[in-house]
Amino acid sequence: MSHHDSTHQDVVDVLMADHREVEAIFVELETRHGTPEHRRQLTDVVIAELVRHSVAEEAYVYPTARKALPDGDQIAEHEISEHADAERTMKELESLDPSDPRFDELLAHLTSTIRHHVQEEESDLFPRLRAAVAQEELVELAGKVQAAKKSAPTRPHPAAPDHPPANKLLAPGTGLVDRMRDALSGRPTSMRELREKQQH
């Protein structure tokens with residue numbers, strides 16, 4: 001837990017908790033234990049987590065960085081292009097069977113891309129946001145990010161090169177359609193769902 005109590009979590013606390021959760025799944029996938037089906041399900045969960053996290057960052061965190069930081073535009077553009085790269089990798093991974101040799105290759109690429117991204121955000125962007133943005137606003141952003149994650153897509157929707165990825169926020173119902181597909185296919189999108197599935 002950080003220096004805040006949980007009721008006043010700021011946006012950095014929320015995003016760092018996401019980062020830890022994603023990292024835990026990557027570590028589990030790297031052990032290569034478990035059935036191919038379990039590996040497929042863990043991959044689905046990590047993709048859903050990353051998509052929700054990226055959508056929330058693009059909706060609220062990067063616009064805040066643009067306003068609050070002198071080089072905010074460059075930072076936001078850089079982060080968004082990293083999200084777009086990760087999203088293309090996730091799209092490819094989405095339909096691959098874990099026995100496909102490309103599965104581990106793409107998963108390793110995704111893992112290193114995301115680890116780099118997390119390291120950058122946590123060592124640079126996050127501390128600078130905390131220094132430049134009022135605590136009340138950071139707490140308010142935490143709530144907005146949590147809400148955005150509830151309605152966000154769970155599957156990657158790579159943007160066309162001439163559209164900024166944030167456009168996927170403007171496609172109403174994308175999250176809804178994804179969640180219906182997930183429910184119908186039994187695809188878990190969180191560790192809680194995956195654990196419940198394994199108990200049956």
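Each remark here, short or long, concerns the structure printed above.
Let us look at the structure shown here. These numbers come from a predicted model, not from an experiment.

## Let's talk about the overall build of the protein chain
Alright, step 1. Across its full length, the protein chain carries seven helices and zero strands.
Alright, step 2. Listing the helices and strands of the protein chain from first to last along the sequence gives α-α-α-α-α-α-α.
Alright, step 3. Computed over C-alpha atoms, the radius of gyration of the protein chain comes to 17 Å, within 12% of the 16 Å expected from 2.2 N^0.38 for 200 residues, which places it in the range of a compact globule.
Alright, step 4. Projecting the C-alpha coordinates of the protein chain onto the three principal axes gives extents of approximately 45 × 40 × 30 Å.

## As for the pattern of salt bridges
Alright, step 1. Inspection of the entire model under this criterion finds 22 salt bridges.
Alright, step 2. Across the salt bridge formed by aspartate 104 and arginine 32, the nearest N and O atoms sit 3.4 Å from each other. Here aspartate 104 is found in helix H4 (residues 101-132), whereas its partner arginine 32 is found in the loop between helix H1 (11-30) and helix H2 (36-68), with 72 residues between them in sequence.
Alright, step 3. When its relative accessible area of 54% is taken as the criterion, arginine 32 is described as exposed.
Alright, step 4. Through salt bridges that share partners, Arg40, Asp44, Lys91, Glu94, Arg155, Asp182 and Arg187 make up one connected network.

## Describing H4
Alright, step 1. In this model, H4 (32 residues) spans 46 Å end to end at C-alpha, consistent with the 46 Å of a helix rising 1.5 Å per residue.
Alright, step 2. The largest bend along H4 measures about 40° and falls at glutamate 121.
Alright, step 3. Its side-chain oxygen 2.7 Å from the backbone nitrogen of arginine 102, aspartate 100 forms the N-cap of H4.

## Remarks on the side chain of glutamine 41
Alright, step 1. Topologically, glutamine 41 is positioned in helix H2.
Alright, step 2. Beyond its immediate sequence surroundings of up to four residues, glutamine 41 is in contact with Pro188, Leu194 and Lys197.

## Things to note about helix H6 (residues 174-185)
Alright, step 1. With 12 residues, H6 extends 16 Å between its outermost C-alpha atoms, agreeing within 8% with the 16 Å of an ideal straight helix rising 1.5 Å per residue.
Alright, step 2. Among all positions in H6, only Thr174, Gly175, Asp178 and Asp182 are buried. Here the buried residues of H6 occupy an arc of 95° about the axis, which is enough to place them on one side. Seen from the buried face of H6, the exposed residues on the opposite side, beyond 90 degrees, are Leu176, Met180, Ala183 and Leu184.
Alright, step 3. For H6, the secondary structure elements touched by its buried residues are helix H5 (135-151).
Alright, step 4. Note on H6: the residue one or two positions beyond its end, glycine 186, has a positive phi of about 70°.

How each quantity is defined
Residues numbered from 1 in each chain as written. Predicted model: local features only at pLDDT ≥ 70, side-chain atom pairs only at ≥ 80, totals over all residues. Heavy atoms only, no water. Helix = DSSP H or I, 4+ residues; strand = E, 2+ residues; numbered from the N terminus. Rg over C-alpha atoms; globule rule 2.2 N^0.38 Å. Salt bridge = Lys/Arg side-chain N within 4 Å of Asp/Glu carboxyl O. Buried < 20%, exposed > 50% of the residue type's maximum accessible area, 1.4 Å probe, protein only. Expected span 1.5 Å × (residues − 1). Bend = angle between axes of the 7 residues up to and from the residue. Polar contact = N/O pair within 3.5 Å; in protein donor to acceptor, adjacent residues only side chain to side chain. Contact = heavy atoms within 4.5 Å. Arc of directions from axis to C-beta.

Structural measurements only, silent on function.
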